[in-house]
Each structure stands twice: as C-alpha cells, then as structure tokens.
Amino acid sequence: AAEGWGLSDWSGHVATRTLVMADRFDLARRTLDAAIAGLSARGDPLFAAAAYAYRADLLYRLGELARAEEDALAGHTLSAEHGWPVGIPALVCRRVYSLLERGDAAAAATLVVESGLAGPASVLPDTYTFNLLLDARGRLRLAQDRPGEAVDDLLECGRRQDALGDVNPALVAWRSGAALALLRLGE
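Remember, it's a predicted structure, so these values are computed and weren't measured experimentally.

## Digging into the layout of surface pockets
(1) Moving on: In this structure, the largest pocket occupies an estimated 340 Å³ of space.
(2) Moving on: It is helix α3 (residues 45-61) that provides the largest number of residues to the lining of the largest pocket, a total of four residues.
(3) Moving on: Across the lining of the largest pocket, the residue classes tally to 11 nonpolar, two polar and three charged.
(4) Moving on: In this structure, the second largest pocket occupies an estimated 200 Å³ of space.
(5) Moving on: Together, 14 residues line the second largest pocket, and E101, R139, L142, G177 and L180 are the ones closest to its centre.
(6) Moving on: Where the lining of the second largest pocket is concerned, the elements lending two or more residues are α5 (88-101), α7 (128-143) and α9 (174-184).
(7) Moving on: Of the residues contributing to the lining of the second largest pocket, the split by class is eight nonpolar, two polar and four charged.

If you want it as structure tokens, here you go:
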C-alpha cells in the first residue's frame, strides 16, 4: 500500500491517519516510512510534507517528541519552499505540541509568532489545518498562564470542528484544554 501512496489524491493519507486513530501504530509507521522515502525519491514535496505531518502526529502519540518535531520541521520547510501554505498550520501545530511536552513554551510561542500565526482566531481561515493550530495555540496559551486567550482559541476550535461534523476527540482534543483553561478562570 505504501508504494501507491502519494498519488494525486488524499486517500492514502486518510487511510494512514485512520490507522493511527485505530492504534495500528506499527502498520502506520511502516506505511509512513515507506511513503516518505518514496515521495522524497520522486520529488513530490506536497505529499511528502503531508506525510511528514502525519508521521509527526504518530511519533508524538508514541512519545518520540524530538523525532516528531524533526518531522514537523521537515514538512514545514517543504511546505514553505513549495508554496503549500495550507499545510503550515498543521505542521506548526505538531511542532508546538512537541515543544510544549518538552517544556519549551518559549520556543513554541516564538514559532507561532515567526510563522505569522499569532493573530486572532477571527482572521484565521476556517479550515481544518487552522483548527489544529487553534488547538495548539490554546494549549500554548494555557502553558503561558493565559487561560482567557486559551479558552478563546479552544472554543473557536471546537465551534469550527463541530461545524465540520468532526467531533471525535481522538482527532482534536480541544475540549480537554478548554476545560482546564476554564477551571483556571474559576468557571
């Protein structure tokens, strides 16, 4: 299956993401490893950047934070170099998650600002990759002890996810962060 991944549709990406969500980590990892190698060899930067994003998510879930951050950076670089701006928020999200888990909120905050993604949620496009960014920013704001801003980002993420019909917390766990932020606000 991995050698066919990277065709001109997203079915391979969705199938691999489904493997991750179903805790089929070994199969997902083999598929992503093969896909990244094949896509890189063929010079397919858009799909390679997406594959790096998916593998960064997998590695994060496995606790391999440094490797997750490396993959997210590789995908971020490809996205920036080859004009795939829609992928950048998802890759920044993956980098922020890893940085926060490693205790480096300052680096995560710098990344968000330097990526041009620190503005209010109201100016961010209403797409899935920006929903991921809102979740990551909400977690970052919580780590920075800015619970009001965390609530704003996380509830907006939730509103957008609900509008998409994407309510599975295994995909975007905005509710948990929002609950913690609300608790800090005494709500």
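## Describing the nonpolar core
(1) Moving on: Membership of the largest hydrophobic core comes to 35 residues, with the highest contact counts inside it found for V92, V96, L117 and L140.
(2) Moving on: Elements with a minimum of two residues in this core: α3, α4 (65-81), α5, α6 (105-114), α7, α8 (147-164) and α9.
(3) Moving on: The leading source of residues in this core is α5, at eight residues.
(4) Moving on: Apart from residues lying up to four places away in sequence, L117 is in contact with I88, P89, V92, V112, F130, L133 and R137.

## Side note on α3
(1) Moving on: Between the first and last C-alpha of α3 there are 24 Å, a value that for 17 residues agrees with the 24 Å anticipated at 1.5 Å per step.
(2) Moving on: Here α3 lies mainly inside the structure; 13 of its 17 residues are buried.
(3) Moving on: Where α3 ends, the next residue or the one after it, G63, has phi of about 85°, a positive value.

## Quick notes on the packing of aromatic side chains
Think of a pair of aromatic rings as described by two things: how far the centres are apart, and how the planes are tilted against each other in angle.
(1) Moving on: Under the definition given, this model contains one aromatic pair.
(2) Moving on: Between the NZ or CZ atom of R139 and the centre of the ring of Y97, over which it lies, the distance is 3.9 Å.

## Here we look at the pattern of salt bridges
(1) Moving on: Applying the stated criterion across every chain, the model contains 16 salt bridges.
(2) Moving on: Among the ionic pairs, E64 bridges to R29, the shortest N-O distance being 2.8 Å. Of the two residues, E64 sits in the loop between α3 and α4 while R29 sits in helix α2 (residues 25-42), which places them 35 residues apart along the sequence.
(3) Moving on: Using a relative accessible area of 26% as the deciding quantity, one classes E64 as partly exposed.
(4) Moving on: Owing to a relative accessible area of 22%, R29 belongs among the partly exposed residues under this scheme.
(5) Moving on: Of the charged contacts, one joins R55 and D71 as a salt bridge, the two residues approaching to 2.4 Å between their closest N and O atoms. Residue R55 is located in helix α3, and its partner D71 is located in helix α4; the two are separated by 16 residues in the primary sequence.
(6) Moving on: By relative accessible area, R55 is classed as buried at 10%.

Rules and cut-offs
Residues numbered from 1 in each chain as written. Predicted model: local features only at pLDDT ≥ 70, side-chain atom pairs only at ≥ 80, totals over all residues. Heavy atoms only, no water. 1 Å grid on protein atoms, 1.4 Å probe; cavity = no way out; pocket = protein on both sides within 12 Å on 5 of 7 lines; lining within 4 Å. Points joined across faces, edges and corners; volume = space filled by probe spheres on them. Helix = DSSP H or I, 4+ residues; strand = E, 2+ residues; numbered from the N terminus. Nonpolar A, V, L, I, M, F, W, Y, C, P; charged D, E, K, R; others polar. Core = buried A, V, L, I, M, F, W, Y, C linked by side-chain atoms within 4.5 Å. Buried < 20%, exposed > 50% of the residue type's maximum accessible area, 1.4 Å probe, protein only. Contact = heavy atoms within 4.5 Å. Expected span 1.5 Å × (residues − 1). Phe/Tyr/Trp six-rings, centres within 6.5 Å; stacked < 30°, edge-to-face > 60°. Lys NZ or Arg CZ within 6 Å of the ring centre and 35° of its normal. Salt bridge = Lys/Arg side-chain N within 4 Å of Asp/Glu carboxyl O.

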